[in-house]
Amino acid sequence: MAYLAETKGVSRRTGQRTVQQAYALIREDIDKANVQRSDLVAQAIHLLMESARLGLSQNNPGAVVGAVAQLDKLCGLSPARH
């Protein structure tokens, strides 16, 4: 969203709407392709683990933390919060 706002000169809200529309199109394409959810989750897990590994190899703790945080959201790794 910030990238669109900075590079295309649109408001942050317009950038947010554009990103939301793009996500909707991606979801629609996935639904039309009849891709199994488990396949997508497996690919996402693999990508996030590779991102964390690359972040470690490049001494980039922010990338590692970001990848692990997304893995946590995707897989529910943290204990349940009450």
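Residues numbered from 1 in each chain as written. Predicted model: local features only at pLDDT ≥ 70, side-chain atom pairs only at ≥ 80, totals over all residues. Heavy atoms only, no water.

Notes on the environment of Ser-51
Along the chain, Ser-51 turns up in helix H3 (residues 37-57). Taking C-alpha positions, Ser-51 is 6.2 Å from Ala-67, a pair spaced 16 residues apart along the chain. (Helix = DSSP H or I, 4+ residues; strand = E, 2+ residues; numbered from the N terminus.)

Observations concerning H3
When the terminal C-alpha atoms of H3 are compared, their 30 Å separation across 21 residues agrees well with the 30 Å that a helix rising 1.5 Å per residue should span. Residues Leu-48, Ala-52 and Gly-55 constitute the buried set of H3. Along the long axis of H3, the arc covered by the buried residues comes to 65°, so they all point the same way. Summarising the geometry of H3, the exposed residues directed more than 90 degrees from the buried face are Gln-43, His-46, Leu-47 and Ser-57. Following H3 by one or two positions, Asn-59 has its phi on the positive side, about 55°. (Expected span 1.5 Å × (residues − 1). Buried < 20%, exposed > 50% of the residue type's maximum accessible area, 1.4 Å probe, protein only. Arc of directions from axis to C-beta.)

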